[in-house]
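Observations on the three-dimensional arrangement
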Amino acid sequence: MRKRPVLLLACSFVSGLLYGGYQWPVCIAVVVVLLAYAVPWKESGLRRILFVAGIPLLFLLGMLHMERELAFRAGYMQQLCDGQTVKLAGKLNKIEKKKNCFYYYLTDCIIRSSKKNMPCNDVIAYSSSDEASIGQILVIKGTISLFEPAANEGGFDAQTYYRSQKIDFGIWMDEICSVHGKNKNYAGMLYRFRQRLQAVFTSCVEDDGVLSAMLLGEKGGLDTEVKSLYQKAGIAHILAISGLHVSLLGMGLYRLLKSKLKLSYAVSAAGTALFMFSYLVMTGNSVSTKRAVGMLFLYLLADMLGRSYDMLSALGTVCILLLWENPFLIGYSGFLFSVAAVLGIGAGGGILTEWREVCLQKNKKGKMQGLWISFAIQLFTLPLVAYHYYEIPVYAMLINLFVLWLLPYLLGLAAVGALAGSLLPAAGKLLLFPCGKGLGLYEVFCGLFLWFPGAQYLSGKPELWRIIVYYLLLGGILLVLNRRSRRCREQEDKSKGTTGRYIRLMAGITVSLLVLLLPGKKEQELDVLDVGQGDGIYYCTESGISLFIDGGSSDEKNVGTYRILPFLKAKGVKKISYWFISHTDEDHIAGMREVLEAGYPVEHLVFARAVKGNEKTGELLTLAEKHHTKILYLEKGECLHIGETRLNCLYPKASEKKEDINDLSLVFSLKEKEFYGFFGGDISQEVEEELLRQGLDKKVNFYKASHHGSRNSGSSAFLEGIAPEITVASAGKGNCYGHPHPEAVQRIRESGSAFLCTADCGQIKLKWKDKKVHVYARFSP
């Protein structure tokens, strides 16, 4: 594998961007390694200049470019706040249909605030209609809506996601003040044509929105269950328009024009380029499509000029151009997956297949070539899958062999069927019928593999150092294989030690995977999750046993799916040994119910014995039985030993009767070495007085504010009785109950306790080091 100057320059440019954004010293080390790898003193002419001057220069250019873009963003973001009314002018670049509104993606924006005009990055305007046409310049008035960062570990970070696409905030449109530009333009025509094709898919085939996502980039109608199934099986990449789609459509058209219709190189290339550019605009200018179309353009140019095309050099060129336009793409998952897949094909697949052909005397064009290339793609994208999704589809490589074999036929038939259906609906239904059956086969195939044992490995979110070491080891393995291939060619010792070479390769890859995926030692930790208006607390014992307390919300929909499960998976928690339910109000059980329904392993549900006959308790018992979860009941005076952890049930007695379900909350203390925590569910001051009369241990490390810090909980006498060191209230931002109540907060602080609330701080973490508790808040209060 020869050295590619453009690819090395692109690596240097990326290192500069990372250093400018994060100040990582390792980025400088990467530049030194690139120079050492290039060995410019052995080169001559232009290549020597490119290596000696180009690598440091591109690093410096990337660093300065990132610093400039960050300063530009900070200049106007410091003057904007959530809910602020502003005027903004921008060019409409894309329209996306959502459930309740349309997203207008505006570029080349100028915002007016406090009688001052400021240029800014791209903006999303939320509109009730799609009357405007793509390409027009809109002047709008509305209120700013800032994107929120992830409130918990593993949660969706809207701020990072949109900023990586150079979109800094949204605007809820009150009115469109003026519109400039023609209503009927080329981009607008393409958008309307896209809508027409989407209508064909909707009316002619029952595909849960898959064909619209695959061919048109429209994911608004995609069924969430199908999307989840594809993701779990490792084939979600086919739902995004990428190099695979572009190569099938673009290369298919180019070969048709050049070989079948016998048109000239120039005409064939120009026709293909125009078609693919139109397709890029029609499908929304996604980054992965831009990358793929850009590389296709370079292929067409090389073929037209009679030059050889190199995939990795083309990738380097396109990456530099895309990152110059938007340096924040280095944090965008779509861009990273797209680049990693091409590197897997061009670098990993190229080296592996050459090594197999030269050193093992295997035919490069044999049936196993596709499997080796698929294997290389998996190796290159595996860290990204673990980092962004926390689970690895174990059988993805095998599933993709079938999926990718069938995909060209599906895409081709879908494209022809959509075009035919736009003219004659009956023809569309006829042509798209096999597509629906093919997609149904995909679902059956994915479901079958997911039924196999160990179909998904819950890896958790790996630390960055693990990912860096993994890629370094993988790069080292590929370099060794590349040198072995050259040596085999020179010495022609192809037949020696075939089995041993396979074993050494797999041993090296196994070590790399262990570095990336081997779980670290669990440490004692308590996390109060931000679940909105509700409760959800995770506790890991020093021996690594995972406990959970409550898990619900009254204002956050699907809190289990979008807040609790992502947290557990990001932490690499493979099961919950004991899940304690204080009482059965929805703000304490809604998320737990979703977790059970999702099939996540929960060994025991623990209730207060006093609520055994409760209707909601019965519903949860049925659900638990369905998922093979055991049931435990506790009452006052009973104790549960979990390793070195001791849980004492303080209330209620089995015979306790209360009108308010809150006052039958399971109350317990949790003690392990230096940690002593008090958990009281939603008890009132009346129950607190009962607890005081029976006697409580003083000096609690952690107190979960009862009833979310309501006015009638946490009396001064009770707080004096337990003397908490740290108190945390779990409440939703701007909730209608006024939790935590100012009077309750005042009593807590007057008791000498530190006070934090999830509404202000997001997730709150407690860890123990050197026999001292350390508190970490997701956000500064």
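The structure displayed is predicted, hence computed values, not measured ones. (Residues numbered from 1 in each chain as written. Predicted model: local features only at pLDDT ≥ 70, side-chain atom pairs only at ≥ 80, totals over all residues. Heavy atoms only, no water.)

**A look at the overall build of the protein**
Looking only at helices and strands, the protein has 24 helices and 23 strands in total. Computed over its C-alpha atoms, the radius of gyration of the protein comes to 30 Å, within 12% of the 28 Å expected for a compact globule of 781 residues. If you line up the protein on its principal axes, its C-alpha atoms span 95 × 75 × 55 Å. Counting all 781 residues of the protein, 50% fall into the buried class. Of the roughly 36600 Å² of accessible surface on the protein, a fraction of 58% belongs to carbon and sulfur atoms. Charged side chains in the protein number 88 positive and 71 negative. The centres of these two groups are separated by 13 Å. (Helix = DSSP H or I, 4+ residues; strand = E, 2+ residues; numbered from the N terminus. Rg over C-alpha atoms; globule rule 2.2 N^0.38 Å. Buried < 20%, exposed > 50% of the residue type's maximum accessible area, 1.4 Å probe, protein only. Areas by Shrake-Rupley, 256 points an atom, 1.4 Å probe, with all protein chains shown as cover. Lys, Arg positive; Asp, Glu negative; His and termini not counted. Charge placed at Lys NZ, Arg CZ, Asp CG, Glu CD.)

**Side note on the layout of surface pockets**
Of the voids in this model, the second largest pocket is the one considered here, and its volume is about 460 Å³. Contributing to the lining of the second largest pocket are 19 residues, with Leu249, Phe275, Tyr279, Ala415 and Leu419 lying nearest its centre. Examining the composition of the lining of the second largest pocket, we find that 7 residues originate from one element, helix H14 (residues 396–423), more than from any other. A class-by-class count of the residues in the lining of the second largest pocket yields 17 nonpolar, 2 polar and no charged. (1 Å grid on protein atoms, 1.4 Å probe; cavity = no way out; pocket = protein on both sides within 12 Å on 5 of 7 lines; lining within 4 Å. Points joined across faces, edges and corners; volume = space filled by probe spheres on them. Nonpolar A, V, L, I, M, F, W, Y, C, P; charged D, E, K, R; others polar.)

**Re the nonpolar core**
Judged by nonpolar contacts, the single largest core of 76 residues is most densely connected at Leu88, Tyr104, Phe169 and Tyr442. Judged by nonpolar contacts, the second largest core, of 58 residues, contains Phe548, Val595, Val602 and Ala610. (Core = buried A, V, L, I, M, F, W, Y, C linked by side-chain atoms within 4.5 Å.)

**Here we look at a positive patch on the surface**
Judged by side-chain charge, Arg483, Arg484, Arg486, Arg487 and Arg504 come together as a positively charged surface patch. The element that contributes the greatest number of residues to the positive patch is helix H16 (residues 464–491), accounting for 4 residues. With relative accessibility at 47%, the residue Arg486 sits in the partly exposed group. (Patch = residues over 30% accessible without salt bridge, like charges linked within 9 Å, V, L, I, M, F, W, Y side chains within 5 Å. Salt bridge = Lys/Arg side-chain N within 4 Å of Asp/Glu carboxyl O.)

**Looking at the pattern of salt bridges**
When their charged atoms lie close together, side chains carrying opposite charge are able to pair. Counting across every chain of the model gives 29 salt bridges. A salt bridge links Glu218 to Arg194; the nearest nitrogen and oxygen atoms lie 3.7 Å apart. Residue Glu218 is found in the loop between helix H6 (210–216) and helix H7 (224–233), and its partner Arg194 is found in helix H5 (residues 186–204); the two are separated by 24 residues along the sequence. The two residues Glu218 and Arg194 agree in class, both being buried. Close ionic contact of Lys673 with Glu542 constitutes a salt bridge, the shortest N to O distance being 2.7 Å. With a gap of 131 residues between them, Lys673 in the loop between strand S17 (667–672) and strand S18 (675–679) and Glu542 in the loop between strand S10 (537–540) and strand S11 (546–549) connect regions that are remote in the sequence. By relative accessible area, which is 32% here, Glu542 ends up partly exposed. Beyond isolated ion pairs, a larger network of salt bridges with shared partners links Glu153, Glu523, Glu525, Asp527, Lys571, Lys765 and Lys767.

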